[in-house]
Amino acid sequence: MTDPTTTTAERRALAARLAQSGALRAPAWRQAVESVPREPFLHPGVFLPEPRGRWRPVLADRTPEPEWAQLAYSNQSLVTQLDGCLTPDQATAPEPMPGVPTSSSTEPALVLRMLESLEVEEGQEVLEIGTGTGYSTALLCHRLGEDNVTTVDVDPGVARRADDALESIGFSTWTVTGDGLLGHPPRAPYDRVIATCAVRRVPYTWVRQTRPGGVILTTLGSWPHGGGLAKVTVGADGTAEGWIVGPVSFMHARAQAQPPVTGDLAARAAYADCEREVRVPPTVLEEWTPAFLAQLTVPEAQRVHARTAEGEQQRTYLFDPGRESFAEFAPGPRNAARRTVRQGGPIRLWDQVEEVLLAWRDAGSPGIDAVRLRVTETAHHYWLDGTSAPSLRWEHALR
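Residues numbered from 1 in each chain as written. Predicted model: local features only at pLDDT ≥ 70, side-chain atom pairs only at ≥ 80, totals over all residues. Heavy atoms only, no water.

K.L.:
Help me understand the overall build of the protein chain in this model?
P.N.:
When you go through the protein chain residue by residue, the secondary structure sums to 10 helices and 20 strands. Seen through its principal axes, the protein chain has C-alpha atoms that stretch 65 × 55 × 35 Å. By the burial criterion, 52% of the 399 residues in the protein chain qualify as buried. In the protein chain, 61% of the contacts between residues at least 6 apart in sequence involve partners at least 24 apart. Summing over all exposed atoms, the protein chain offers an accessible surface of approximately 17900 Å²; the carbon and sulfur share of this is 49%. Side chains of the protein chain give 39 positive and 49 negative charges; the mean places of these two sets differ by 4 Å. (Helix = DSSP H or I, 4+ residues; strand = E, 2+ residues; numbered from the N terminus. Buried < 20%, exposed > 50% of the residue type's maximum accessible area, 1.4 Å probe, protein only. Contact = heavy atoms within 4.5 Å. Areas by Shrake-Rupley, 256 points an atom, 1.4 Å probe, with all protein chains shown as cover. Lys, Arg positive; Asp, Glu negative; His and termini not counted. Charge placed at Lys NZ, Arg CZ, Asp CG, Glu CD.)

Here it is, written out as structure tokens:
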């Protein structure tokens, strides 16, 4: 593993690149990036992406120091765990393997954009949800002091490795193993709460644990694509209000992650109650803002791509397994450029999404940063700023 004392130049170069990109603005955060080494938080190694969804293990102690330093200070997310348990040193062979990433070191540009958005001040106390490797925790400790940072991770192994890395560079902060959705009441209240995982809603327990005037920053969304970075300020009345400050993608909090839709998709979509030509093509969901608005509209639905057993062209679906509803999209019978939608179940998923997207277009197709939200003890309220269209307002009651 690279000696952290030898990577001063790499840290300064990373800080310069982040500043040039606009991700790093405040001098205090630049000093943190230049001072905190990233490589101790990547031990014992990382998984690098390979074709067909496979991952190649790369170990720190088996990689030449210059190569490892270049990797550590690249502006990319580096996966450190697969399938909730497998670390690179546990891989039985150096060949690429299948797996689902469950922990990573987030790309530094995103880490710093979020830390800048948090707008911390000297002496404030921060609760971090999702310790991960501990690199962002270390930046917070450098900026605010180790005693002002509490970090929570649900995975004991991940938390232990992060704590060891933090200790190795001199930070003895409050590293907690537990369900981050519950926050950490013993150290509350906090001035800032930041989540480095995606949630389907802002847990009200975070609001309870934040001082009036404090800020909560978290990714909202349940799809891998189309998440929004929510920034809300807690009021004296126990509510929190703010807006979506930009697009972002994070791994989901494990307690809120939806199980993927698997099995015979054709059987799930066998019984359609209606079929029609679409007014909005489903490909619009490949754009970030429409994907986010679709999630607000049908929050339990999942978007799935698949090919038929005969290898025919890809089909796109929306499934809401809990309500046994689906929408299936296919080329039109006479014109492949046209799309039809088959829908079944008690909820017309695409009817609802399409109505919202048409209203969004009528409103001028504003960006995701036009979405505002208000969190109360009983519901989440969302609306599109600058329009009074009823279809562009959403209420998600807490059941």
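K.L.:
Please explain empty space enclosed by the protein as it appears in this structure.
P.N.:
The method is simple in principle: a probe with the dimensions of a water molecule rolls over the atoms, and the space it marks as empty is what remains. For the coordinates displayed, the defined rule picks out one cavity of 30 Å³ or more. A volume near 30 Å³ is recorded for the largest cavity. Taken together, Ala198, Thr219, Leu220, Gly221, Trp223, Pro224, Gly227, Val248, Ser249, Phe250 and His252 make up the lining of the largest cavity. Residues of the lining of the largest cavity, tallied by class, amount to six nonpolar, five polar and no charged. (1 Å grid on protein atoms, 1.4 Å probe; cavity = no way out; pocket = protein on both sides within 12 Å on 5 of 7 lines; lining within 4 Å. Points joined across faces, edges and corners; volume = space filled by probe spheres on them. Nonpolar A, V, L, I, M, F, W, Y, C, P; charged D, E, K, R; others polar.)

K.L.:
Got a minute to help me understand the layout of surface pockets in this structure?
P.N.:
One number sums up the size of the second largest pocket: a volume of about 560 Å³. Elements represented by at least two residues in the lining of the second largest pocket include exactly helix 9 (288-297), strand 19 (379-384) and strand 20 (393-397). A per-element tally of the lining of the second largest pocket places helix 9 first, with four residues. Residue composition of the lining of the second largest pocket, grouped by class: nine nonpolar, eight polar and six charged.

K.L.:
I tried to follow the state of the cysteines on my own but got confused; where do I start?
P.N.:
Note on terminology: disulfide describes a covalent bond linking the sulfur atoms of two cysteines. Scanning all chains against the criterion turns up zero disulfides. Cysteine Cys85 is unpaired, with the sulfur of Cys197 as its nearest cysteine sulfur at 19 Å. (Disulfide = S-S within 2.5 Å.)

K.L.:
Honestly, a negative patch on the surface in this entry has me stumped. Any pointers?
P.N.:
Together, Glu146, Asp147, Asp164 and Glu167 give the surface a local cluster of negative charge. In this structure, Asp147 sits in the loop between helix 5 (135-144) and strand 7 (149-153). The class for Asp147 is partly exposed, based on a relative accessible area of 48%. (Patch = residues over 30% accessible without salt bridge, like charges linked within 9 Å, V, L, I, M, F, W, Y side chains within 5 Å. Salt bridge = Lys/Arg side-chain N within 4 Å of Asp/Glu carboxyl O.)

K.L.:
Would you explain the sheet that holds strand 6 (residues 126-129) in this entry?
P.N.:
Two pairing modes exist for strands in a sheet, parallel and antiparallel, and in both the strands are linked by backbone hydrogen bonds. Judged by pairing direction, the sheet is mixed, and its 10 strands sit side by side in the order 8-7-6-9-10-11-12-18-19-20 without closing on themselves. Two strands bound the open sheet, and with one partner strand each, they are strand 8 (174-177) and strand 20. Adjacent strand axes in the sheet meet at a mean angle of 20°, parallel and antiparallel pairs treated alike. Note that strand 9 (residues 190-199) and strand 10 (residues 210-220) share six bridges and pair parallel. For Ile194, the partnering residue across the bridge sits in strand 10 and is Leu217. Helix 6 (residues 156-168) rests against strand 7 and strand 8 of the sheet, and its axis sits at about 165° to strand 8. (Pairing = 2+ DSSP bridges. Axes fitted to C-alpha atoms, helices over the stretch in contact; angles between N-to-C directions.)

K.L.:
Explain the pairing of strand 17 (residues 339-344) to me, please; I cannot follow it from the model alone.
P.N.:
Looking along a regular strand, one sees side chains alternate from face to face of the sheet. When you tally the buried positions in strand 17, you get five out of six residues, the bulk of the element. Alignment of strand 13 (residues 274-277) against strand 17, held across four bridges, turns out to be antiparallel. Looking at the pairing, Arg276 lines up with Val341 of strand 17. Relative to strand 17, strand 16 (residues 325-331) runs antiparallel, the two sharing six bridges.

K.L.:
Where do I start with the pattern of salt bridges in this structure?
P.N.:
Any two side chains of opposite charge can pair if their charged atoms end up close together. Summed over the entire model, instances satisfying the criterion amount to 19 salt bridges. Between Arg56 and Glu50 there is a salt bridge; the shortest N-O distance is 2.9 Å. We classify Glu50 as partly exposed; its relative accessible area is 27%. We note a salt bridge from Glu241 to Arg374, for which the minimum N-O separation is 3.6 Å.

K.L.:
I keep staring at the side chain of His380 and nothing clicks. Help me out?
P.N.:
Relative to the assigned elements, His380 resides in strand 19. Under the relative-accessibility criterion, His380 is labelled buried at 1%. A distance of 3.0 Å separates the side chain of His380 from the backbone nitrogen of Val202, its partner in a polar contact. Setting aside its immediate chain neighbours within four residues, His380 contacts Arg201, Val202, Arg374, Val375, Trp394, Glu395, His396 and Leu398. (Polar contact = N/O pair within 3.5 Å; in protein donor to acceptor, adjacent residues only side chain to side chain.)

K.L.:
Help me out: how do you make sense of the environment of Glu241 in this one?
P.N.:
Looking at the element boundaries, Glu241 is found in strand 12 (residues 240-247). Glu241 gets classed as partly exposed once you look at its relative accessible area, which sits at 34%. Every residue in contact with Glu241, bar those within four places of it in the chain, is listed here: Lys231, Val232, Thr233, Arg372, Leu373, Arg374 and Trp383.

K.L.:
Help me out: how do you make sense of helix 10 (residues 349-362) in this one?
P.N.:
Helical geometry note: an α-helix holds 3.6 residues per turn, so side chains three or four residues apart project in the same direction. Here helix 10 spans 20 Å end to end across 14 residues, near enough to the 20 Å set by a 1.5 Å rise per residue. Where helix 10 is concerned, the buried positions are Leu349, Trp350, Val353, Glu354, Val356, Leu357, Ala359 and Trp360. One or two steps after helix 10, the chain reaches Gly364, where phi turns positive at roughly 100°. (Expected span 1.5 Å × (residues − 1).)

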